[in-house]
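# Survey of secondary and tertiary structure
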Amino acid sequence: MLVDNLKAEIGAYKNFVLTYFPGKLGYRLRYHYYSKRFARCGKHVSISPSCIIRGEQNITIGDYVGVGLYNYLYAGIEKEDVKIQIGNNVSFNSNVMLNADIGGNIRIGDNVLIGPNVVLRTANHAFSRRDILIKEQGHTAGPIHIGDDVWIAANVVIVPDVTIGKGAIVAAGAVVTKSVDDYSIVAGVPARKIGNR
């Protein structure tokens, strides 16, 4: 019991140091650590300090990916199908959450820009029954797919069962509840088409 507790405590300190280690050495340490634990990790992947990553064995990342400060990548804890797939030349600003913890999957294409405070979540709480508390009804899940050459601006929320088409733009503050056509520009709550590129 004491040995198990000591191992858990040492593991917690190791994760703390890895997560918050500053400077170039910190970036190198995180890349070295995660490149061996992700399902796939490309070259020139930059993971900033203060990122929380869970279920790394269910994550694939392409080449030239930048993960900004305070990002959260949740891909489940058990070994399952890859739940988060990130293409090449993708940039995440600060405080971005990719949450595929409770079913669904997130697939992000190549050359994608994701602004600060963006949330992609593949599950919502079930709520159809009134005789059971919402928190006890479980979740409903679905995929989120982001095409190539997409710009998702600041403070956007994308819910399950949404595809953002190639070359689309999602304006700041939008809540995307329906799929977006290629090269469309959407804005608002809920997001509606306001133009084309």
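We now turn to the structure provided with this report.

## What to know about helix α2 (residues 23-35)
- Over its 13 residues, α2 extends 18 Å from the first C-alpha to the last, a length consistent with the 18 Å expected when each residue adds 1.5 Å.
- Buried positions along α2 lie against α1 (2-20), β2 (45-47) and β3 (52-54).

## Some details on the layout of surface pockets
- Here the largest pocket defines a volume of roughly 190 Å³.
- Looking at the lining of the largest pocket, the elements with two or more residues in it are β21 (184-187) and β22 (192-196).
- When its residues are assigned to classes, the lining of the largest pocket shows five nonpolar, three polar and four charged.

## Describing the side chain of Thr-122
- By the element assignment, Thr-122 lies in the loop between β12 (119-121) and β13 (123-125).
- From its side chain, Thr-122 meets the backbone oxygen of Gly-103 in a polar contact 2.6 Å long.

## Examining the packing of aromatic side chains
- Within the structure shown, the criterion is met by four aromatic pairs.
- Between Tyr-33 and Tyr-34, the ring centres sit 5.0 Å apart and the planes meet at 85°, which makes this aromatic pair edge-to-face. Accessibility classification places Tyr-33 together with Tyr-34 in one group, the buried group.
- Taking the centre distance of 5.3 Å and the plane angle of 15° together, the rings of Tyr-34 and Phe-38 count as stacked.
- On the basis of relative accessible area, Tyr-34 is assigned to the buried category, the value being 7%.

## Quick look at the sheet that holds strand β7 (residues 84-86)
- Overall, parallel pairing links the six strands, which are arranged β1-β4-β7-β10-β15-β18 in an open sheet. Strand pairing shows two members of the sheet lacking a second neighbour, β1 (40-41) and β18 (162-164), which therefore form its edges.
- In this structure, strand β10 (residues 106-108) lies alongside strand β15 (residues 144-146), joined through three bridges in parallel fashion. When the sheet's bridge partners are listed, Ile-106 is paired in β15 with Ile-144.

## A look at the pattern of salt bridges
- Taken as a whole and judged by the stated rule, the model has three salt bridges.
- Asp-101 serves as the salt-bridge partner of Arg-54, at 2.3 Å between the closest nitrogen and oxygen. Remark: Asp-101 occurs in the loop between β9 (97-99) and β10 and Arg-54 occurs in strand β3; sequence separation between them is 47 residues.
- Arg-54 gets classed as partly exposed once you look at its relative accessible area, which sits at 32%.
- Across the pair Asp-131 and Arg-129 runs a salt bridge, and its minimum N-O distance is 2.6 Å.
- Arg-129 sits in the partly exposed class, given a relative accessible area of 45%.

## Some details on the nonpolar core
- With 44 residues, the main nonpolar core has Ile-86, Phe-92, Leu-98, Ile-108, Ile-146, Ile-158 and Ile-164 as its most contacted residues.
- Those elements giving two or more residues to this core turn out to be α2, β2, β4 (59-61), β5 (65-67), β7, β10, β15 and β18.
- Those residues in contact with Phe-92, other than ones at most four positions away along the chain, are Val-65, Gly-66, Val-67, Gly-68, Asn-71, Ile-86, Leu-98, Ile-108 and Ile-114.

## A short note on unusual backbone geometry
- Note the cis peptide between Val-189 and Pro-190, where omega equals -10°.
- By secondary structure assignment, the location of Pro-190 is in the loop between β21 and β22.
- For Tyr-64, which is not a glycine, the phi torsion comes out positive at approximately 55°.
- What makes Tyr-64 partly exposed here is its relative accessible area of 44%.
- Unlike most non-glycine residues, Asp-161 shows phi in positive territory, near 65°.
- Mapped onto the elements of the fold, Asp-161 is located in the loop between β17 (157-158) and β18.
- Judged by relative accessible area, which is 52%, Asp-161 ranks as exposed.

## Quick word on the sheet that holds β17
- Strand order across the open sheet formed by six strands is β3-β6-β9-β12-β17-β20, with parallel pairing between neighbours. Strand pairing shows two members of the sheet lacking a second neighbour, β3 and β20 (175-176), which therefore form its edges.
- The pairing of β9 with β12 spans three bridges and is parallel. Across the sheet, residue Met-97 finds its bridge partner in β12, namely Val-119.

Procedures and definitions
- Residues numbered from 1 in each chain as written.
- Predicted model: local features only at pLDDT ≥ 70, side-chain atom pairs only at ≥ 80, totals over all residues.
- Heavy atoms only, no water.
- Helix = DSSP H or I, 4+ residues; strand = E, 2+ residues; numbered from the N terminus.
- Expected span 1.5 Å × (residues − 1).
- Contact = heavy atoms within 4.5 Å.
- 1 Å grid on protein atoms, 1.4 Å probe; cavity = no way out; pocket = protein on both sides within 12 Å on 5 of 7 lines; lining within 4 Å.
- Points joined across faces, edges and corners; volume = space filled by probe spheres on them.
- Nonpolar A, V, L, I, M, F, W, Y, C, P; charged D, E, K, R; others polar.
- Polar contact = N/O pair within 3.5 Å; in protein donor to acceptor, adjacent residues only side chain to side chain.
- Phe/Tyr/Trp six-rings, centres within 6.5 Å; stacked < 30°, edge-to-face > 60°.
- Buried < 20%, exposed > 50% of the residue type's maximum accessible area, 1.4 Å probe, protein only.
- Pairing = 2+ DSSP bridges.
- Salt bridge = Lys/Arg side-chain N within 4 Å of Asp/Glu carboxyl O.
- Core = buried A, V, L, I, M, F, W, Y, C linked by side-chain atoms within 4.5 Å.

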